[in-house]
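Summary of structural features
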Amino acid sequence: MKRLILCALAVAGLCIPALATDPTPEQKAQIEKPMTMNNTGNEKKQVIFTHSAHAKTDCAFCHHKAVEGNIYVGCAAKGCHDNMDKKDKSEHGYYFTMHNKKSEKSCMGCHQKAVAENPDLKEKFKGCNPCHAKNS
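Residues numbered from 1 in each chain as written. Predicted model: local features only at pLDDT ≥ 70, side-chain atom pairs only at ≥ 80, totals over all residues. Heavy atoms only, no water.

Let's shift gears to the overall build of the protein chain. Within the protein chain, the regular secondary structure consists of five helices and two strands. Burial analysis of the protein chain (136 residues in total) assigns 19% to the buried set. For the protein chain, the accessible surface area stands at approximately 10500 Å², while carbon and sulfur atoms represent 59% of it. (Helix = DSSP H or I, 4+ residues; strand = E, 2+ residues; numbered from the N terminus. Buried < 20%, exposed > 50% of the residue type's maximum accessible area, 1.4 Å probe, protein only. Areas by Shrake-Rupley, 256 points an atom, 1.4 Å probe, with all protein chains shown as cover.)

Another point: the side chain of H81. Examined against the element boundaries, H81 turns out to sit in the loop between helix 3 (59-62) and helix 4 (94-99). By relative accessible area, which is 11% here, H81 ends up buried. Within the local environment of H81, its side chain forms a polar contact with the side chain of T97, the two groups lying 3.1 Å apart. Excluding its chain neighbours within four sequence positions, the residues that come into contact with H81 are H64, C75, A76, E91, H92, G93, Y94 and T97. (Polar contact = N/O pair within 3.5 Å; in protein donor to acceptor, adjacent residues only side chain to side chain. Contact = heavy atoms within 4.5 Å.)

This part covers the packing of aromatic side chains. Tallied over the entire structure, the rule returns zero aromatic pairs. Its end group placed over the ring of F61, K105 keeps NZ or CZ at 5.6 Å from the ring centre. (Phe/Tyr/Trp six-rings, centres within 6.5 Å; stacked < 30°, edge-to-face > 60°. Lys NZ or Arg CZ within 6 Å of the ring centre and 35° of its normal.)

This part takes up the UniProt feature "binding site: heme c 3" (unreviewed entry) in the protein chain. In this structure's numbering, the residues bearing the UniProt feature "binding site: heme c 3" (unreviewed entry) are H54. Position of H54 among the secondary structure elements: in the loop between strand 2 (43-44) and helix 3. Apart from the residues lying within four places of it in its own chain, the contact partners of H54 are F49 and H111. (UniProt positions renumbered as here; feature names shortened; annotations may be inferred.)

Across all of its chains, the model carries three salt bridges by this definition. For E117, the salt bridge goes to K113, with nearest N and O atoms at 3.8 Å. Of this pair, E117 and K113 both sit in helix 5 (residues 107-117), separated by four residues, roughly a single helical turn. Under the relative-accessibility criterion, E117 is labelled exposed at 60%. As a salt-bridge pair, K126 and E123 come within 3.8 Å of each other at their nearest N and O atoms. In this structure E123 comes out as exposed when scored by relative accessible area, which is 56%. (Salt bridge = Lys/Arg side-chain N within 4 Å of Asp/Glu carboxyl O.)

Turning our eyes to something else, we now look at the environment of N129. On the secondary structure map, N129 appears in the segment after helix 5. Each C-alpha atom of the pair N129 and K45 lies 9.4 Å from the other, and the pair is 84 residues apart in sequence.

Low pLDDT marks stretches whose predicted atomic positions should not be read closely. Considering every residue of the protein chain, the mean pLDDT works out to 75; 64% of them sit at 70 or more. Per-element averaging of pLDDT across the protein chain places helix 1 (residues 2-19) at the bottom with 46 and helix 5 at the top with 93. Long-range and interchain partners of residues 4-20, a stretch whose pLDDT sits below 50, account for five contacts in this model, where long-range means more than four residues apart. (pLDDT = per-residue confidence, 0-100.)

On to the environment of G109. One can find G109 in helix 5. In sequence terms G109 and M98 are 11 residues apart; their C-alpha atoms lie 8.4 Å from each other.

Our next topic: the side chain of S106. With respect to the helices and strands, S106 occurs in the loop between helix 4 and helix 5. At a separation of 2.9 Å, a polar atom in the side chain of S106 contacts the main-chain amide nitrogen of G109. Discounting residues that sit within four places of it in the chain, S106 has contacts with T97, M98, H99, N100 and K101.

Structure below.
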């Protein structure tokens, strides 16, 4: 019985990411288009989040569950962080949610915490370039 339950949980764990709500086509276009960095004027790529690099982190630490059902939603899903205006500092602001240094649930806040716990990571997370690669 335990083996059956463990197998069911493993299958469910593999299916949950596939059930997550995708961004709308407009949001996807906004996320994927190159951006100009304010301080350099250089074009950079948007960040492509790699789940494999964050596999040791529990999904529930960053993701909210969908209002209906028991699945996790993508960051830009409707009703979540779906406002692409960089000036929006509300909980719906996509840019602010990723760059909020005061929240360890944001990309930058989590990376700052990781550096505080392991100073060897400082160079890896220094500046914008590690996450926002140059547009080739």
